[in-house]
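# Fold and contact review
The chain contents come next:
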Amino acid sequence: MKRQLRRNEAGEDEREEFLLGLATLCHAMSAEATNSFLTRLINSPTLIESVIALTNALRSAPVEVLQSTTDGDINRIASRVGRFDRFTRLLRCRAACLQTWSLMGDETSLIDQLERRSEALGVRTQPPAPIILGRHLIALGEKPGLHFRSLLSEIFDHQLDGRFGTEAEGTEFAREVVQRARGMPT
């Protein structure tokens, strides 16, 4: 029988709370040290990978970087960690732990601004979903193969940067990428 996860007052399930707690505990460790430490504590490779992705994102985001964060950066973080609110919750934990890391602006904090932007982008509680999939490449006449991964990765990267936001725009962009990959003029 599967164990039912309880929800706390904020509607978060225990797994999210556990993930955030482990990430807070490991936020200053290297990925290798985090993996070694957590492997001895828990038997969940998926959870360990999630913690490492979250702590890696935190390490690569000092305040100076966060102040110039683009929408593409927010999308990439959400894509790596699964949902952007995990990242901002960990930022808040780090700020509370350090107490010297001042994020307060005139009226709102940098973290609040990032949360609002992630909400507007639709990645606050879920990762960005690729608009263009393999079926779109097939519809453009591309034969399925190992090269699909690199094509789709390039297309998704441009989606994260805001190059396109609809399936029609994405299909047109994918057409350009496929033609370039074939060595044809775009």
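The structure contained in this document is the topic of the report that follows. What you see is a predicted model, and the numbers here were worked out from it, not measured in a lab. (Residues numbered from 1 in each chain as written. Predicted model: local features only at pLDDT ≥ 70, side-chain atom pairs only at ≥ 80, totals over all residues. Heavy atoms only, no water.)

### Overview of the packing of aromatic side chains
Inspection of every chain in the model, using the stated rule, returns 2 aromatic pairs. For the ring pair Phe-84 and Phe-87, a centre distance of 5.4 Å and an interplane angle of 50° mean the geometry is tilted. With a gap of 3 residues between them, Phe-84 and Phe-87 both fall in helix α6 (residues 84–98), about one helical turn apart. Under the relative-accessibility criterion, Phe-84 is labelled buried at 0%. (Phe/Tyr/Trp six-rings, centres within 6.5 Å; stacked < 30°, edge-to-face > 60°. Helix = DSSP H or I, 4+ residues; strand = E, 2+ residues; numbered from the N terminus. Buried < 20%, exposed > 50% of the residue type's maximum accessible area, 1.4 Å probe, protein only.)

### Some remarks on the nonpolar core
In terms of nonpolar packing, the biggest core is built from 29 residues, with Leu-54, Leu-66, Phe-84, Phe-87, Leu-91 and Leu-114 touching the most fellow members. Going through the elements one at a time, α1 (14–26), α2 (31–41), α3 (45–59), α5 (71–81), α6 and α7 (110–121) are the ones with two or more residues in this core. Per-element tally for this core: the top contributor is α3, with 7 residues. Residue contacts for Leu-114: discarding those within four places in its chain leaves Leu-66, Thr-69, Ile-74, Phe-84, Thr-88 and Leu-91. Of all hydrophobic cores here, the second largest spans 11 residues; its members include Ile-132, Phe-148, Phe-164 and Val-178. (Core = buried A, V, L, I, M, F, W, Y, C linked by side-chain atoms within 4.5 Å. Contact = heavy atoms within 4.5 Å.)

### Re the packing of α1 against α2
Helix packing for two helices is described by the angle between their axes and how far apart those axes are. For the pair α1 and α2, the least separation of the axes is 11 Å and the interaxial angle reads 130°. With respect to α2, the axis of α1 lies oblique. Handedness of the crossing formed by α1 with α2: right-handed. When α1 is examined against α2, the residues Leu-22, Leu-25 and Cys-26 are found in contact with a partner set consisting of Thr-34, Phe-37 and Leu-38. Split into classes, the residues belonging to the contact of α1 with α2 amount to 5 nonpolar, 1 polar and no charged. (Axes fitted to C-alpha atoms, helices over the stretch in contact; angles between N-to-C directions. Parallel < 35°, antiparallel > 145°, perpendicular 65-115°, else oblique. Left-handed = near helix turned anticlockwise from the far one by under 90°. Nonpolar A, V, L, I, M, F, W, Y, C, P; charged D, E, K, R; others polar.)

### What to know about the pattern of salt bridges
In this structure the tally under the stated criterion is 13 salt bridges. Glu-16 is paired through a salt bridge with Arg-86; the nearest N and O atoms lie 2.4 Å apart. Of the two residues, Glu-16 is situated in helix α1 and Arg-86 in helix α6; the sequence distance between them amounts to 70 residues. Each member of the pair, Glu-16 as well as Arg-86, is classed as buried. One salt bridge in this structure joins Arg-83 and Asp-85, with 2.7 Å as the shortest N-O distance. Arg-83 sits in the buried class, given a relative accessible area of 16%. (Salt bridge = Lys/Arg side-chain N within 4 Å of Asp/Glu carboxyl O.)

Purely geometric numbers; function is a separate question.
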